[in-house]
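Descriptive analysis of the structure
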Amino acid sequence: VQLQAYGGGLAQPGGSLRLSCTASGFPSGFSFSSYSMGWFRQAPGKDREFVGGISRSGGSTYYADSVKGRFTMSRDNDKNTVYLQMNSLKHEDTAVYYCAGRWGSGTAVQFEYDAWGQGTLVTVSS
């Protein structure tokens, strides 16, 4: 499975951005709806950290405390795409954002993900 993340860019503090991640290359008999998705981020000089996750159906989402109430994940299984809507952005949200996917139930543990996108840079600056 291949993942491609896009939508990063420059935003002002308090602004918004929406990231997207499209999946392809599922084995025969499997689909995006079998794949739990997550977003992670890595700020300069820091370890990669969990941002949020969404269940296979999209009915369940969960977030890191640092983004709860500001970021929202959603997915469109018909388009093989997961989204991360980021509102009320802060300087500390500056990072490379990665989408990740795995078979089965979702998790916040990055090492349990099977596939990763290439990352998209989000810079929050005035």
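Scroll up to find the structure this text is about.
Note that the coordinates shown come from a computational prediction; the quantities given were computed from them, not determined experimentally.

1. Let's talk about the overall build of the protein chain
Check the secondary structure of the protein chain and you find 0 helices and 11 strands. Counting helices and strands in the order they occur from the N terminus, the protein chain gives β-β-β-β-β-β-β-β-β-β-β. Here the protein chain has a C-alpha radius of gyration of 14 Å; the compact-globule value for 126 residues is 14 Å, and the two agree. For the protein chain, buried positions account for 43% of its 126 residues. Long-range pairs, those at least 24 residues apart, make up 58% of the contacts in the protein chain between residues at least 6 apart in sequence. Surface accessibility of the protein chain: about 6,200 Å² in total, with carbon and sulfur atoms responsible for 46%. Side chains of the protein chain carry 11 positive and 9 negative charges; the gap between the two charge centres is 3 Å.

2. Remarks on unusual backbone geometry
Even without being a glycine, Asn80 presents a positive backbone phi close to 55 degrees. As for its placement among the helices and strands, Asn80 is situated in the loop between strand E7 (71-76) and strand E8 (81-86). With a relative accessible area of 22%, Asn80 lands in the partly exposed category. One non-glycine residue, Ser88, adopts positive backbone phi at about 50 degrees. Mapped onto the secondary structure, Ser88 falls in the loop between E8 and strand E9 (95-103).

3. Let's talk about the sheet that holds strand E3 (residues 17-24)
Here we have 4 strands laid out as an open sheet, ordered E1-E3-E8-E7, and antiparallel in their pairing. Each edge of the open sheet carries a strand with a single partner, namely strand E1 (2-6) and E7. Each strand axis lies, on average, 15 degrees off the axis of its neighbour in the sheet, ignoring direction. Summarising the sheet, E3 and E8 pair through 6 bridges and their orientation is antiparallel. Bridge pairing links Ser20 to Tyr83 in E8.

4. Side note on the pairing of E3
Two strands pair when backbone bridges link them, and E1 and E3 are joined in this way by 5 bridges, in the antiparallel orientation. Note that in E3 the partner of Gln4 across the bridge is Thr22.

5. Description of the pattern of salt bridges
Tallied over the full model, the rule gives 4 salt bridges. The structure contains a network of salt bridges with shared partners spanning Arg41, Glu49, Arg70 and Asp93.

6. Considering the packing of aromatic side chains
Applying the stated criterion to the full structure yields 10 aromatic pairs. Note on Phe26 and Trp103: the rings are 6.0 Å apart at their centroids and 75 degrees apart in plane angle, and the pair reads as edge-to-face. One end of the pair, Phe26, is in the loop between E3 and strand E4 (35-42); the other, Trp103, is in strand E9, with 77 residues separating them in the sequence. Taking the centre distance of 5.3 Å and the plane angle of 80 degrees together, the rings of Phe40 and Tyr113 count as edge-to-face. You can see Phe40 sitting in strand E4 and its partner Tyr113 sitting in the loop between E9 and strand E10 (115-116), a full 73 residues away along the chain. Using a relative accessible area of 6% as the deciding quantity, one classes Tyr113 as buried.

Here is what the cut-offs are and how they apply
Residues numbered from 1 in each chain as written. Predicted model: local features only at pLDDT ≥ 70, side-chain atom pairs only at ≥ 80, totals over all residues. Heavy atoms only, no water. Helix = DSSP H or I, 4+ residues; strand = E, 2+ residues; numbered from the N terminus. Rg over C-alpha atoms; globule rule 2.2 N^0.38 Å. Buried < 20%, exposed > 50% of the residue type's maximum accessible area, 1.4 Å probe, protein only. Contact = heavy atoms within 4.5 Å. Areas by Shrake-Rupley, 256 points an atom, 1.4 Å probe, with all protein chains shown as cover. Lys, Arg positive; Asp, Glu negative; His and termini not counted. Charge placed at Lys NZ, Arg CZ, Asp CG, Glu CD. Pairing = 2+ DSSP bridges. Axes fitted to C-alpha atoms, helices over the stretch in contact; angles between N-to-C directions. Salt bridge = Lys/Arg side-chain N within 4 Å of Asp/Glu carboxyl O. Phe/Tyr/Trp six-rings, centres within 6.5 Å; stacked < 30°, edge-to-face > 60°.

Read these as spatial facts, not as claims about activity.
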